[in-house]
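If you want the building blocks of each chain, they are given just below.
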Amino acid sequence: MIDAHCHLNFHAFNKDVDEVIKRSQAAGVERIINTGTKLDSSAHALQLAEQYDNLYAIVGVHPHHADKIEEEGDWVGQLKIMTNNPKVVGIGEIGMDYFSYHSNGIVDPKLQKSVFEQQIMLAYNTGLPLQIHNRQAGEDVIEVLKAHRNYLQAIPGMFHCFAGSMQVLKEALNLGFFIGFDGNLTYPGMAPGETTALSDIAKYVPLERIICETDSPYLTAVPHRGQRNEPQYVILVGQQIARLKQISYEKVKQQTIKNTYTVFKRLK
Ligand SMILES: [Zn+2]
Ligand SMILES: [Zn+2]
């Protein structure tokens, strides 16, 4: 399997990142893509990618951090320099987020939008795919993407950890995006604020458009829910997709690996 979105670049893995990577490899996870959420975590994702053959990086600024980024000066320029490294395979995680966080609430949507748009242009200028983050902002994410249709590539990227309505899903698929699922696909019921069950979303998306990921250290699949997540549990995501679609795990594994290489062309 490939874990197409996780955060071994976060503090949660400071002490044992090497063991976590080895465990994942032993479990059969052939590639791990770490995604940045700010400049420093992007740089750390890249540093890990340079250190380990099977690790890659996606660099970008998460909408939740859009309120502080202008203080960093030419942040787009700094991200652009990182993309010169061939181990950077995409721009992310970028998008919109209307969930109210304990730390800083909801970042001004205008600011989120501006930071998102600047990174769509960075992806266009570097020829890299997008890794989209959307939390309770699906309509606005789609609106921004449609407005920038001329700057999206034939395979524009993926929505990571998809959640949202069937309408948002269909629009994302129509724009050519692939759809990422995580361990929360194994959770019963619906997440607060959502209107469509993830299992229904996963059943609807053609296997040819699905990508597996973990978002480690978050969203740990059942039966490890509540513990820190690790890339090795991406296998549980694949197994859940197989169950929902009533097909073999082997088929899910082969196709989702293929899909990940299709989206992230720099992945080797
Ligand atoms: Zn995210
Ligand atoms: Zn993430």
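About the thresholds
- Residues numbered from 1 in each chain as written.
- Chains lettered and ligands numbered in written order.
- Predicted model: local features only at pLDDT ≥ 70, side-chain atom pairs only at ≥ 80, totals over all residues.
- Helix = DSSP H or I, 4+ residues; strand = E, 2+ residues; numbered from the N terminus.
- Buried ≥ 20, exposed ≤ 12 C-beta atoms within 10 Å, placed from the backbone.
- Contact = placed C-beta atoms within 7 Å.
- Pairing = 2+ DSSP bridges.
- Right-handed = clockwise from strand over helix to strand, strands pointing away.
- Arc of directions from axis to C-beta.
- Core = buried A, V, L, I, M, F, W, Y, C linked by C-beta atoms within 7 Å.
- Axes fitted to C-alpha atoms, helices over the stretch in contact; angles between N-to-C directions.
- Parallel < 35°, antiparallel > 145°, perpendicular 65-115°, else oblique.
- Nonpolar A, V, L, I, M, F, W, Y, C, P; charged D, E, K, R; others polar.
- Expected span 1.5 Å × (residues − 1).

*Asks:* Is there a simple way to explain the overall build of the chain in this structure?
*Replies:* Each helix and strand in the chain was counted, giving 9 helices and 8 strands. For the chain, the spread of C-alpha atoms along the principal axes amounts to about 45 × 40 × 40 Å. The buried share of the chain, reckoned over its 268 residues, is 49%. Contacts spanning at least 24 positions in sequence make up 72% of the contacts within the chain whose residues lie at least 6 apart.

*Asks:* Any chance you could explain the pairing of strand E7 (residues 178-181) here in plain terms?
*Replies:* The side chains of a regular strand alternate between the sheet's two faces. Neither face of E7 is open: one carries Phe-178 and Gly-180, the other Ile-179 and Phe-181, and all of them are buried. Judged from the 2 bridges that link them, strand E6 (residues 157-159) and E7 form a sheet pairing that is parallel. Along E7, the bridge assignment pairs Met-158 with Phe-178. For the handedness criterion, the β-α-β arrangement of E6, helix H6 (residues 166-174) and E7 is classed as right-handed. Sheet analysis places E7 next to strand E8 (residues 210-212), joined by 3 bridges and oriented parallel. When the bridges of E8 are listed, Gly-180 appears paired with Ile-211. A crossover links E7 with its parallel partner E8, the connecting element being helix H7 (residues 198-204), and its sense is right-handed.

*Asks:* How should I be thinking about helix H3 (residues 75-83) in this particular structure?
*Replies:* An α-helix turns once every 3.6 residues. As a result, residues three or four positions apart point the same way. Burial in H3 covers these residues: Trp-75, Leu-79, Met-82 and Thr-83. Buried residues of H3, viewed axially, fall in a sector of 100 degrees; they line one side. Exposed residues pointing more than 90 degrees away from the buried face of H3 are listed as Gly-77 and Ile-81. The inward-facing, buried residues of H3 abut helix H2 (39-51), strand E3 (55-59), strand E4 (88-97) and helix H4 (109-126).

*Asks:* Help me understand the nonpolar core in this model?
*Replies:* The tendency in soluble globular proteins is for nonpolar side chains to be buried as a group. Among the nonpolar cores identified, the biggest contains 73 residues, and Val-59 and Ile-179 are the most heavily contacted of them. Those residues within four positions of Val-59 in sequence are excluded, and the remaining contacts are Gly-36, Ser-42, Ala-45, Leu-46, Leu-79, Met-82, Thr-83, Val-88 and Ile-91.

*Asks:* What is the right way to look at the sheet that holds E4 in this model?
*Replies:* Across the sheet, 8 strands lie side by side as E1-E2-E3-E4-E5-E6-E7-E8; this open sheet has parallel pairing. Every other strand in the sheet has two partners, leaving strand E1 (2-6) and E8 as the edge strands with one partner each. Pairs of neighbouring strands in the sheet enclose a mean axial angle of 30 degrees, with direction left out of account. Pairing geometry for strand E2 (residues 31-35) and E3, over 4 bridges, is parallel.

*Asks:* Would you explain the packing of H2 against H3 in this entry?
*Replies:* For any two helices packed against each other, one specifies the crossing angle of their axes together with the interaxial distance. One way to put it is that H2 packs onto H3 with a least axis distance of 11 Å and a crossing angle of 5 degrees. With respect to their mutual orientation, H2 and H3 come out roughly parallel. For the pair formed by H2 and H3, the contact residues are Leu-39, Ser-42, Ala-43 and Leu-46 on the first element and Trp-75, Gln-78, Leu-79 and Met-82 on the second. Of the residues that constitute the contact of H2 with H3, the class distribution is 6 nonpolar, 2 polar and no charged.

*Asks:* How should the pairing of E1 be read in this particular structure?
*Replies:* Of all 5 residues that make up E1, 5 are buried, and the element is covered over most of its length. Relative to E2, E1 runs parallel, the two sharing 3 bridges. Opposite Asp-3, over in E2, you have Ile-32 as the bridge partner.

*Asks:* Mind showing me how you'd approach the environment of Tyr-233 here?
*Replies:* With respect to the helices and strands, Tyr-233 occurs in the loop between E8 and helix H8 (234-245). Note on Tyr-233: 27 C-beta atoms within 10 Å, which makes it buried. When near neighbours in sequence (up to four residues on either side) are disregarded, Tyr-233 contacts Gly-183, Thr-214, Thr-220, Ala-221 and His-224.

*Asks:* Looking at this structure, I do not really get the environment of Val-59. What am I missing?
*Replies:* Along the chain, Val-59 falls in strand E3. C-alpha of Val-59 to C-alpha of Gly-238: the two residues are 179 residues apart in sequence and 25 Å apart in space.

*Asks:* Is there a simple way to think about H8 in this case?
*Replies:* Compared with an ideal rise of 1.5 Å per residue, which puts 12 residues at 16 Å, H8 spans 17 Å between its outermost C-alpha atoms and is within 8% of the ideal. Residues Val-234, Ile-235, Leu-236, Val-237, Gly-238, Gln-240 and Ile-241 constitute the buried set of H8. For H8, the secondary structure elements touched by its buried residues are E1, helix H1 (17-27), E7, H7, E8 and helix H9 (249-263).

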